[in-house]
Amino acid sequence: MLITPGKLLAQINSPADLKKLDQAQLVQLSDELRHFIIDNVSVYGGHFGASLGVVELTVALHYVFNTPYDQLIWDVGHQAYGHKILTGRRDEFYSNRVYGGISGFPRRHESEYDAFGVGHSSTSVSAALGMAVASKYLNNTDKQHIAIIGDGAMTAGIAFEGMNHAGVSDSNILIILNDNCMAIDPNVGALKDYLTDITTSRTYNKLKDDVWKLLGKLSTFGKSAQEIVSKVETGIKSTLLSQSNIFESLNLRYFGPVDGHDVNHMVTVLNDLKNIPGPKILHCITMKGKGYGPAEKGNATTWHSPGTFDKITGEIHKKTYDKPQAPKYQDVFGHSLVELAKVNDKIVGITPAMPSGSSMNIMMNEMPDRAFDVGIAEQHAVTFSAGLATQGLIPFCNIYSSFMQRGYDQVVHDVCIQNLKVNFCLDRAGFAGADGATHHGAYDIAFMRCLPNMIVSAPMNEVELRNLMYTAQLPREGKAFSIRYPRGQGVMPEWRKPFEEIKIGTGRKLKDGDELAILTLGHIGNYAVEVCENLAKQNINVAHYDMRFAKPLDKALLHEVFSKYKKIITVEDGCLQGGFGSAVLEFMADHNYSSEIKRLGIPDQVVEHGEQIQLQHECGFDSEGIEKAVVELLESVVKNA
Ligand SMILES: Cc1ncc(C[n+]2csc(CCOP(=O)(O)OP(=O)(O)O)c2C)c(N)n1
């Protein structure tokens, strides 16, 4: 169903059309854009609050800057819906995040207006700076480079690394700090307090007024604008000498704070800043969910990505599940951690800015002194956990599989080389679904498996997850422990069983077979159960082993498998290169077995967005794909016989 845009928005097929509007029409256009986003997301789902918060900023940016020549880099990119709609994707917007449709994040291959692909946070400053330095080198001195970064994303180390470099770069970069005091959950840390201080400080507000009074005149001053700016700056600097500004200290000219919802003021400000060379930062104050009552009044975390909802009443539609009673893996993690922590006082929990997404909030609520939200700071989360482990605590560091990529050196250098006992719970392992390529947890089995002192495991169901967590907190000689599980539901309504230890490096034989064995790792094993049941009805007996560990492998079980079966299929919701199937191949080679092996998993390519099941189907490891592989392999037995 196509949502009808408002009268002005209907005329905008590119920023060139936007520039034809009178500035006086921008308020109405912003209103129409906001309603178009509300209308679409309420019906089709997606991120919500963040895009509503930057509607005016988006309109002003495309009105003032010469995109796509000028480069807009949206940090994370979940707030770029307005940008997509104004840059030629209005009529496709209904397909946002849907299989085969447009991506929920800016992607370079999708549009020339998407200057840089995003999804993971805090990359915008570095990317914009790279572009700015390149433009300077190429003599494109008029080219503008604008990073739009949230206060949450600003907490990450890489954002500071970028600003630290920008401050000495003398290049044409504008950082727009979109400050709404929220990440997905409330933003945390000292920077947040600092930003609030700047926003509310009387000295700053007075200065801001003086600066803007002067800057407001800049447009009319033409060439002498830069002189005025330097006078204003000298004024600011002398007044601020006793009160340092973190951005000014990094050599970035700081402007603001300004009201990011006043589109006309934003146009004036951006026009003025366009004439000021060098690295600079504009601090905008916005509100997540702006302009939609239930989101403004309600819980901003809920409205970050609410799913579909009734736009009139604001009632969020309940998701329908295949197995209504089975819990989400993340909730099993959250509740089990608290159960374990009640008995073992050494257990602590760590999340980098995903308390709700990982369900670490359950522990944060029940045991606030033992669970830490460290901000969008995966590297810090890992090394912080390593520090906790050195003192004998038992950290459960919960990081989405794809975000773990950012903390990899810390896993190698701080955890594995020192053989520290950190437990990593990797949520969203395997296909993430609608968030797409940047969010798929495709690589963790491979990148964890190659590290010394690392145990790599994946539960097939909720009870297995609990038991792996239980095992991970028992005393052991060194080694980090990674437990990966997917987004969404498990399979067991009755999941709260008493904990049982799982011997590390042991799998389970679920079913014997005649000629062929399926070896699975993790939740994906439930598809193999279905396949085996289906085939049994046709008198085809296939064996199934849930291997549980990609490292250490259950060697005894593998010897059994290779001695008995000449046809083997491995299945994993992870990359084929270097993953679980590769581990089985290595075992075969190392022990001189010679079975025929077919590996199913994520191929060596970028897989886009869609429902998890659609993507698994595309890659041939849903039930249908597994069954097809079994039949083909069995047929090849007949052919060879
Ligand atoms: C490296 C990384 N870690 C975590 C996330 C998950 N995440 C997506 S949006 C977001 C909050 C971003 O907050 P902010 O930058 O303030 O933007 P806002 O949503 O408030 O507009 C987080 C933590 C991510 N995208 N990337």
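Residues numbered from 1 in each chain as written. Predicted model: local features only at pLDDT ≥ 70, side-chain atom pairs only at ≥ 80, totals over all residues. Heavy atoms only, no water.

## Some details on the packing of aromatic side chains
- In the structure shown here, the tally under the stated rule is 22 aromatic pairs.
- Between the aromatic rings of Phe431 and Phe621, the centroid separation amounts to 5.9 Å while the plane-to-plane angle is 15 degrees, which identifies the pairing as stacked. Placement of Phe431 in the loop between β9 (423-427) and α20 (444-449) and of Phe621 in the loop between α25 (612-618) and α26 (623-640) is noted, with a sequence separation of 190 residues between them. Both residues of the pair, Phe431 and Phe621, count as buried. (Phe/Tyr/Trp six-rings, centres within 6.5 Å; stacked < 30°, edge-to-face > 60°. Helix = DSSP H or I, 4+ residues; strand = E, 2+ residues; numbered from the N terminus. Buried < 20%, exposed > 50% of the residue type's maximum accessible area, 1.4 Å probe, protein only.)

## So, the packing of helix α17 (residues 378-390) against helix α19 (residues 408-416)
- At a closest axis distance of 9 Å, the pairing of α17 and α19 adopts a crossing angle of 10 degrees. Overall, the two elements α17 and α19 adopt an arrangement that is roughly parallel. Touching Gln379, Val382, Thr383 and Ala386 of α17 are Gln410, Val411, Asp414 and Val415, all from α19.
- Partitioned by chemical class, the residues of the contact of α17 with α19 number four nonpolar, three polar and one charged. (Axes fitted to C-alpha atoms, helices over the stretch in contact; angles between N-to-C directions. Parallel < 35°, antiparallel > 145°, perpendicular 65-115°, else oblique. Contact = heavy atoms within 4.5 Å. Nonpolar A, V, L, I, M, F, W, Y, C, P; charged D, E, K, R; others polar.)

## Comments concerning the site of the ligand
- The local shell around the ligand holds 22 residues, among which His78, Gly152, Met182, Lys288 and Glu378 are the closest.
- Separating a nitrogen atom of the ligand from a backbone N or O atom of Gly119 is a distance of 2.9 Å.
- A distance of 3.0 Å is found between an oxygen atom of the ligand and a side-chain nitrogen or oxygen belonging to Asn180.
- In the complex, 97% of the free accessible area of the ligand, which totals 580 Å², lies under the protein chains.
- Along the lines of polarity and charge, the residues of the shell around the ligand split into 10 nonpolar, eight polar and four charged. (Near = heavy atom within 4 Å. Polar contact = N/O pair within 3.5 Å; in protein donor to acceptor, adjacent residues only side chain to side chain. Areas by Shrake-Rupley, 256 points an atom, 1.4 Å probe, with all protein chains shown as cover.)

## Some details on the sheet that holds strand β1 (residues 71-74)
- The five strands lie next to each other as β1-β2-β3-β5-β4, forming an open sheet whose pairing is parallel. The open sheet has two edge strands with one neighbour each: β1 and β4 (253-259). The sheet shows a mean angle of 20 degrees between the axes of neighbouring strands, taken without regard to direction.
- Here six bridges tie strand β3 (residues 173-179) to strand β5 (residues 280-285), and the two strands are oriented parallel to one another. (Pairing = 2+ DSSP bridges.)

## Focus: the side chain of Asp75
- For Asp75, the location among the structural elements is in the loop between β1 and α5 (81-89).
- Look at Asp75: it is buried, it has no salt bridge, and the nearest opposite charge is Arg406 at 7.1 Å.
- For Asp75, the side chain forms a polar contact with the main-chain nitrogen of Thr123, separated by 3.2 Å.
- Every residue in contact with Asp75, bar those within four places of it in the chain, is listed here: Ser121, Ser122, Thr123, Ser124, Ile148, Ile149 and Ala153. (Lys, Arg positive; Asp, Glu negative; His and termini not counted. Salt bridge = Lys/Arg side-chain N within 4 Å of Asp/Glu carboxyl O.)

## Topic: the sheet that holds strand β16 (residues 567-575)
- As summarised here, the arrangement of the five strands in space is β12-β14-β13-β16-β17, forming an open sheet in which the pairing is mixed. Two strands bound the open sheet, and with one partner strand each, they are β12 (508-511) and β17 (596-602). For this sheet, the mean inter-axis angle between neighbouring strands, taken without regard to orientation, is 20 degrees.
- Pairing between strand β13 (residues 516-520) and β16: five bridges, direction parallel. The partner of Ala517 across the bridge, within β16, is Ile568.
- The sheet strands contacting helix α22 (residues 525-537) are β12, β13 and β14 (542-546), and the helix crosses β14 at an angle near 165 degrees.

## Here's the deal with the pattern of salt bridges
- Under the criterion given, the structure shown has 25 salt bridges.
- Across the salt bridge formed by Glu339 and Arg496, the nearest N and O atoms sit 3.1 Å from each other. Here Glu339 is found in helix α14 (residues 329-343), whereas its partner Arg496 is found in the loop between β11 (480-484) and β12, with 157 residues between them in sequence.
- The class of Glu339 is partly exposed, set by a relative accessible area of 25%.
- A cluster of three or more residues bridged by salt bridges with shared partners is formed by Lys84, Arg89, Glu110 and Asp114.

## Side note on the side chain of Ser111
- In this structure, Ser111 sits in the loop between α5 and α6 (124-137).
- Residue Ser111 is classed as buried on the basis of its relative accessible area, which comes to 10%.
- Of the polar contacts made by the side chain of Ser111, one reaches the side chain of Arg89; its length is 3.3 Å.
- In this structure, Ser111 is in contact with Thr87 and Arg89, ignoring residues within four places of it in sequence.

## A look at the environment of Met367
- With respect to the element layout, Met367 can be found in the loop between α16 (361-366) and β7 (371-373).
- Met367 gets classed as buried once you look at its relative accessible area, which sits at 9%.
- A sequence separation of 346 residues divides Met367 from Leu21, and the C-alpha atoms of the two residues are 55 Å apart.
- Those residues in contact with Met367 that lie beyond four places of it in its chain are Val338, Ala341 and Lys342.

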